[in-house]
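Chain residues, written in single-letter form:
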Amino acid sequence: MKKNDETSRNLIGLDQQHFIHPTSSMQQQQQHGPAHIFVRGKGVYLYDHDGKAYLDGMSSLWNVNVGHGRRELGEVAKKQMDTLAFSSCFATFSNKPAIELAAKLARVSPPSLRATFFTSGGSEANDTAFKLARHYWKVKDQPKKRKIIARMKSYHGVAMGATSATGLKPFRDFAPSLAPDFLHVDHMSIEALRALIDREGPETIAAFVCEPIQGAGGVHVAPDSYLCDIRSICDEYELLFIADEVITGFGRTGAYFGCDHANISPDMMCIAKGITSGYAPLGGVMLSKSLHEQLTAHSHGTLLHGYTYSGHPTSCAVALKNIQIIEEENLIDHAATMGEKLLLGFRTIQEQYSEIHDARGRGLMAALAFSHNGKNEPLAPKVVQAADQRGLILRAVTFDQQDVLVCAPPLIINEEELNQLLSILESSVQAVVS
Ligand code: PMP
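Residues numbered from 1 in each chain as written. Predicted model: local features only at pLDDT ≥ 70, side-chain atom pairs only at ≥ 80, totals over all residues.

1. Quick look at the overall build of the protein
Tallying secondary structure elements over the protein gives 16 helices and 17 strands in all. Each principal axis of the C-alpha atoms in the protein carries an extent, and together these give about 65 × 55 × 45 Å. Classification of the 434 residues of the protein by burial places 46% in the buried group. Looking at the protein alone, contacts between residues at least 24 apart form 72% of all its contacts between residues at least 6 apart. (Helix = DSSP H or I, 4+ residues; strand = E, 2+ residues; numbered from the N terminus. Buried ≥ 20, exposed ≤ 12 C-beta atoms within 10 Å, placed from the backbone. Contact = placed C-beta atoms within 7 Å.)

2. Focus: the pairing of strand β1 (residues 38–42)
In terms of strand pairing, β1 meets strand β2 (residues 45–48) through four bridges, oriented antiparallel. Bridge pairing links Phe-38 to Asp-48 in β2. Between β1 and β2, which pair antiparallel in sequence order, lie two residues; one of them, Gly-43, sits at a positive phi of approximately 60°. (Pairing = 2+ DSSP bridges.)

3. Description of the environment of Glu-340
On the secondary structure map, Glu-340 appears in helix α14 (residues 331–352). Taking the C-alpha atoms as reference, Glu-340 lies 8.3 Å from Leu-364; in sequence the two are 24 residues apart.

4. Remarks on the nonpolar core
Core analysis: the largest hydrophobic core is formed by 113 residues, its most contacted members being Ala-133, Ile-148, Phe-208, Leu-240, Ile-242, Met-268 and Leu-405. Counting contributing residues, this core receives three or more from each of domain 1 (18–69 + 330–433) and domain 2 (71–328). Among residues more than four places away in sequence, those in contact with Ala-133 are Ile-148, Ala-206, Ala-207, Leu-240, Ile-242 and Met-268. (Core = buried A, V, L, I, M, F, W, Y, C linked by C-beta atoms within 7 Å. Domains from an automatic or database assignment.)

5. Examining the domain arrangement of the protein
Domain boundaries assigned for the protein yield domain 1 (18–69 + 330–433) and domain 2 (71–328). Contacts between the two partners involve 27 residues from domain 1 and, on the opposite side, 25 residues from domain 2. Elements supplying a minimum of two residues to the side of domain 1 that touches domain 2: α3 (59–62), α14, β13 (356–362), β14 (365–370) and β17 (404–407). Of all the elements, α14 adds the most residues to the side of domain 1 that touches domain 2, at five residues. Here the residues of the side of domain 1 that touches domain 2 are counted per class, giving 17 nonpolar, seven polar and three charged. (Nonpolar A, V, L, I, M, F, W, Y, C, P; charged D, E, K, R; others polar.)

6. Side note on the site of the ligand
The environment of the ligand is formed by 16 residues, the closest being Gly-121, Gly-122, Ser-123, Gly-157 and Val-246. A total of three residues in the shell around the ligand trace back to one element, the largest contributor, which is helix α6 (residues 122–139). Of the residues in the shell around the ligand, the class split is six nonpolar, eight polar and two charged. (Near = placed C-beta within 6 Å.)

7. Thoughts on the packing of α14 against helix α16 (residues 415–433)
Where α14 contacts α16, the two axes come as close as 10 Å, and the packing angle between them is 20°. By the criterion of interaxial angle, the relationship of α14 to α16 is roughly parallel. α14 and α16 meet at a crossing whose hand is right-handed. Of α16, the residues touching α14 (which contributes Met-338, Lys-341, Leu-342, Gly-345 and Ile-349) are Leu-418, Leu-422, Leu-425, Glu-426 and Val-429. (Axes fitted to C-alpha atoms, helices over the stretch in contact; angles between N-to-C directions. Parallel < 35°, antiparallel > 145°, perpendicular 65-115°, else oblique. Left-handed = near helix turned anticlockwise from the far one by under 90°.)

8. Describing the sheet that holds β14
Reading across the sheet, the four strands line up as β13-β14-β17-β16 and stay open at both edges, with antiparallel pairing between neighbours. Lying at the two open borders of the sheet, with one neighbouring strand each, are β13 and β16 (395–397). Each strand axis lies, on average, 20° off the axis of its neighbour in the sheet, ignoring direction. Contacts between α14 and the sheet are confined to β13 and β14, with β13 contributing the most and set at about 180° to the helix. Packed onto the sheet, helix α15 (residues 380–389) meets β14, β16 and β17 and runs at close to 175° relative to β16.

9. So, the environment of Glu-238
Considering the arrangement of structural elements, one finds Glu-238 in the loop between α10 (224–237) and β10 (240–244). We classify Glu-238 as partly exposed; it has 14 C-beta atoms within 10 Å.

10. What about the pairing of β2?
In this sheet, strand β3 (residues 53–56) lies alongside β2 in antiparallel orientation, the contact comprising three bridges. Residue pairing across strands places Leu-46 opposite Tyr-54, the latter belonging to β3. Between β2 and β3, which follow one another and run antiparallel, lie four residues, and Gly-51 among them has a positive phi close to 85°.

11. A look at the sheet that holds strand β15 (residues 392–393)
Within a sheet, each strand pairs with its neighbour through backbone hydrogen bonds, oriented either parallel or antiparallel. The four strands lie next to each other as β1-β2-β3-β15, forming an open sheet whose pairing is mixed. Each edge of the open sheet is held by one strand with a lone partner, namely β1 and β15.

12. Observations regarding the confidence of the model for the protein
Parts of the model with low pLDDT should not have their predicted coordinates read in detail. When pLDDT is averaged along the protein, the result is 96; 98% of the residues meet or exceed 70. Model confidence for the complex is summarised by a pTM of 0.98, with the ipTM given as 0.99. (pLDDT = per-residue confidence, 0-100.)

13. Some points on helix α13 (residues 313–328)
Counted at 1.5 Å a residue, the expected span for α13 with its 16 residues is 22 Å, and the 22 Å between its end C-alpha atoms agrees. With twelve of 16 residues buried, α13 is to be regarded as a mostly interior element. Taken together, the buried positions of α13 are occupied by Pro-313, Thr-314, Ser-315, Cys-316, Ala-317, Val-318, Ala-319, Leu-320, Lys-321, Asn-322, Ile-323 and Ile-326. Packing partners of the buried residues in α13 comprise α4 (71–84), α5 (96–108) and α14. Asn-330 lies just past α13 and shows a positive phi near 50°. (Expected span 1.5 Å × (residues − 1).)

14. Here's the deal with unusual backbone geometry
Phi at Thr-92 is positive, roughly 65°, even though this residue is not glycine. Within the secondary structure, Thr-92 is located in the loop between α4 and α5. Residues other than glycine seldom take positive phi values, yet Glu-238 does so here, at roughly 55°.

The structure is reproduced here in structure tokens:
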């Protein structure tokens, strides 16, 4: 953005004075102003104030699955807002879009799942899942089952419970003193999980939570057998299995949900992001038929958990239309096909540079891991910056001694756009390492 243009200068000044950005360096914002001020989006591209196009290689925050500028979603939102923009879902009040969306989710999710509690996003979905897991064991007369096991390198959001579950330590250290009874285990080791359960005692553990593919922690893809093993361990020790599909849901990995690759059904599933492709805020937790039946069979009083925007009619109407687009345009199969090309492209780049030691991914989630020896400055942030200058948005992950670049373009990306992405990435890597 041209910083000498008067309108731009005004906006930058106002941003610096009044806007606190999420997950951003506050100091950098004061020194340099906002990185971009976008004014428009179309397909896989975002456009800034000067009309410069950026290929959105992150689907913004892994969420704009159907791409930017879809008029149909705006039209549905307007229609719903004109008819019934909002009404509460507390005290069993209901609305048509929320009912229809919950029913649709039951049809497309892994077979065990039946009912949905809606939230405004992924962090609230995880907090809800943790509270419901503890509530479940309390009503089953096992109130000691309270601990939640999560994985190292995981990201579950920033609400108090979600932060406590997050395995990336800097997020937990940001505001010390979090929620009690959260434990962390190696992110790929089944043996370590067994050992932890045995040490703590399964009678003290409520649930295990994991992302089928770890996203914000650096796109770590566990083998399908890992998820199958987790399912068996949870059954064996009587723990609830919570799948955090906030990123991996709605086609991102080339299947409807990440769990579908391993053909397993969790007891609870957290969803958000791709459910509306970001056109309206929405998240939720799905419960299995069995959990739902057990919680509804007895009179436990009121479910004392609810957000003002749980079951927001406009967000739910947008989600229904978004899911219809994903299905009608075959975007899940398309993501699988384009994902193979993306990974192949990443591997080809890896082969050319000794500084890159891993290229990994599944569907339209991919990562390049640089060799960070702990002393030198990490390379991924520099590559991300070089790509930004060339009109491609990516993201760097440097937590836990990692030096990783992550990429997750919209599911609608076509071959030409994918080649453009790969070519900008390659020239950015070259500019940084040579
Ligand atoms: N879980 C996962 C796996 C996520 O990637 C995220 C967001 N990146 C969240 C939860 C939190 O979602 P939100 O930002 O909508 O609260």
